[in-house]
Amino acid sequence: MMLTDDPAVIDYSHLITTRPYDIRRVIISDLHLSADEPALVQAFLALVDDLIALPNLTEFYILGDWFDAWVGDDRYLSLTAVEAKQHWLTPIIEKLKHLSNQGCKIKIMHGNRDFLIGQRFCDLFHGELVTEPYLVSIGNKTFRFEHGDALCTDDKSYQRFRVIARNPLIKWILLKRPLHKRIAWARKIRQKSALNKTQKSMSIMDVNQQAVHKALKPVEALLHGHTHRPNVHEVITDNENNSTKPRYVLGDWRVINPDSSYQQVEAVIAVSTSTELEQKESLQLVKFMIKV
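Just so you know, these numbers come straight off a predicted model, no measurement behind them.

**Observations concerning the sheet that holds strand E6 (residues 134-138)**
What the 5 strands build is an open sheet, ordered E6-E7-E8-E10-E9; its pairing is mixed. If you trace the sheet from one side to the other, it starts and ends with E6 and strand E9 (231-238), each paired once. Going across the sheet, the axis of each strand differs from the next one's by a mean of 25 degrees, ignoring polarity. In the sheet, E6 pairs with strand E7 (residues 141-146) via 5 bridges, with the strands oriented antiparallel. Residue pairing across strands places Leu135 opposite Arg144, the latter belonging to E7. Packed on one face of the sheet, helix H9 (residues 209-216) meets E7, strand E8 (221-224), E9 and strand E10 (243-249) and runs near 75 degrees to E9.

**Points about the side chain of His32**
For His32, the location among the structural elements is in the loop between strand E2 (23-28) and helix H1 (38-53). Overall, His32 belongs to the buried group, its relative accessible area being 13%. Among residues more than four places away in sequence, those in contact with His32 are Leu40, Asp65, Trp66, Phe67, Asp68, Arg113 and His228.

**Considerations on the environment of Phe60**
Relative to the elements of secondary structure, Phe60 occurs in strand E3 (residues 59-63). Separated by 34 residues in sequence, Phe60 and Val26 place their C-alpha atoms 5.0 Å apart.

Conventions adopted
The residue numbering used here restarts from 1 in each chain and proceeds along that chain's sequence as written. A pLDDT threshold of at least 70 governs which residues receive local features in this predicted model, and a stricter bar of 80 or more applies before side-chain atom pairs are shown or counted, although totals over entire chains, interfaces and linings include all residues. The side-chain values count all of the structure's non-hydrogen atoms but skip hydrogen atoms and water molecules. Pairing between strands requires that DSSP locate at least two bridges from one strand to the other. For helices the rule is a DSSP run of H or I covering at least 4 residues; for strands it is a run of E covering at least 2, with both sets numbered from the N terminus onward. Comment: axis = line fitted to C-alpha atoms, over the contacting stretch for helices; angle = value between 0 and 180 degrees taken between N-to-C directions. Contact between two residues is taken to exist if any of their heavy atoms lie within 4.5 Å; hydrogens are not considered. Only protein chains enter the area calculation, which uses a 1.4 Å probe; residues under 20% of their type maximum are buried, those over 50% are exposed, and those in between are partly exposed.

Structure (structure tokens):
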């Protein structure tokens, strides 16, 4: 994981240990949760436990790739009561419902891995499915939130796939296919994606600067995930006046020591804070670490 050397990025083992009354929003992305990665699931549950303990948290955002693959809400919604009780998603839903019942708004955005998530699934924990770009006012800045894959315009083959896959008619057709065929299709897509990563240059899979400038033009700051390259970039938007706007990049969640008896999961997330004295909300990246 590429970590920024920016001193503003601080390490949190638990959000509740660092001025919990000041935290207003938490933004994450690229968890890639699945039954095959129990450490990531446990780390996410630990994060939500922290969020539940934050007294002034108002919003929690997941900006895409929450799951490693999502073939439709019906894969969970069609479970029997007994099956649902034993399913790995059920503790997640229950904790998020607890968080929502405390007054925190939970907002979910599609990623390239889970663009078939529907509002029906989000309704289980009173969450809201939001579309990108999503504009949020933090302090005196308007932030543009998005997953980030749309900014990688140099990857022409992926962008063609994205246009087709995000088409509402195509999504409707996909969701009408039998569940077992959708599962096989998702497995094939993941295998192809893994192969493509070995064949494409890192620069092609990163953001395109023209796309970034276009995204930043109507706003004061940009925040996204997808590239797995967490950092804070100052993007020059006016060469004559040397004016810049910040681009915040969230990190993916990954197990650092998978062979250890005590696994550690790390991710770079975003946290906005506001003190009673300053009355001004600000955002920073945070390296969140949890042992599971």
